[in-house]
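# A closer look at the structure
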Amino acid sequence: MSTNEEIIRELYRTAEVKDVKAFVALFAENGYFWDVSAGAKYFGPDIGKTVEIYATAFHDMHRELGNFYVAGDVVIVELTLNGTQTGPLAMPAGTIGPTGKEMHAPCCDVFHLKDGKVTSFHCYTAATIILGQLGVLGNLGAALQQA
């Protein structure tokens, strides 16, 4: 296993145990997290908001890691996001109240690292699959509680 792969596996581990401080510490000073489907970029301490958002919405959040592809300082991971929505899911357009439904959604994450730190994390979640599994895709406007 490469060092970069080990760093990314540690990043996922910290997210699983909801250790926001340790998650953020794996990023370089100017590193960022881009939630592509939400259209939101996070920098500095705000990077930890991504862990908090999913932990709040899905008490049993689990990332099932699939294939890892490592090419130098680039790591690509295929995974699924799994959990039951028992809390509010904050999104840029508003918040979806708890649905009690499960999601099992594919995701692809692309990481760039330098000197053992994450400089960029681009997260490509299958948002339409998540919203469909939560039962809100057909009437998203009604499901959103404006922030």
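Residues numbered from 1 in each chain as written. Predicted model: local features only at pLDDT ≥ 70, side-chain atom pairs only at ≥ 80, totals over all residues. Heavy atoms only, no water.

## Focus on the pairing of strand β4 (residues 74-84)
With 8 bridges connecting them, strand β3 (residues 62-71) and β4 associate as antiparallel partners. Within β4, the residue paired with Arg 63 across the bridge is Leu 81. Once β3 ends, the chain turns through 2 residues before running back antiparallel as β4, passing Gly 72 with a positive phi of about 65°. Strand direction decides the pairing type here: β4 and strand β7 (residues 102-114), joined by 11 bridges, are antiparallel. Bridging across to β7, Glu 78 finds its partner in Cys 108. (Pairing = 2+ DSSP bridges. Helix = DSSP H or I, 4+ residues; strand = E, 2+ residues; numbered from the N terminus.)

## A few points about the environment of Ala 57
One can find Ala 57 in helix α3 (residues 49-57). Residue Ala 57 is classed as buried on the basis of its relative accessible area, which comes to 0%. C-alpha separation for the pair Ala 57 and Ala 40, spaced 17 residues apart in sequence, amounts to 17 Å. Residues contacting Ala 57, with those up to four places away along its chain left out, are Thr 84, Gln 85, Thr 86, Gly 87, Pro 88 and Leu 89. (Buried < 20%, exposed > 50% of the residue type's maximum accessible area, 1.4 Å probe, protein only. Contact = heavy atoms within 4.5 Å.)

## So, the pattern of salt bridges
Summed over all chains, the structure comprises 4 salt bridges. We note a salt bridge from Arg 9 to Glu 5, for which the minimum N-O separation is 2.9 Å. Here the residue Arg 9 and the residue Glu 5 both occupy positions in helix α1 (residues 3-16), the gap between them amounting to 4 residues, near one helical turn. Under the relative-accessibility criterion, Glu 5 is labelled buried at 14%. Ionic pairing is found between Arg 13 and Glu 10, a salt bridge with its closest N-O pair at 2.8 Å. Of the two residues, Arg 13 and Glu 10 both sit in helix α1, 3 residues apart, roughly one turn of that helix. Judged by relative accessible area, which is 41%, Arg 13 ranks as partly exposed. (Salt bridge = Lys/Arg side-chain N within 4 Å of Asp/Glu carboxyl O.)

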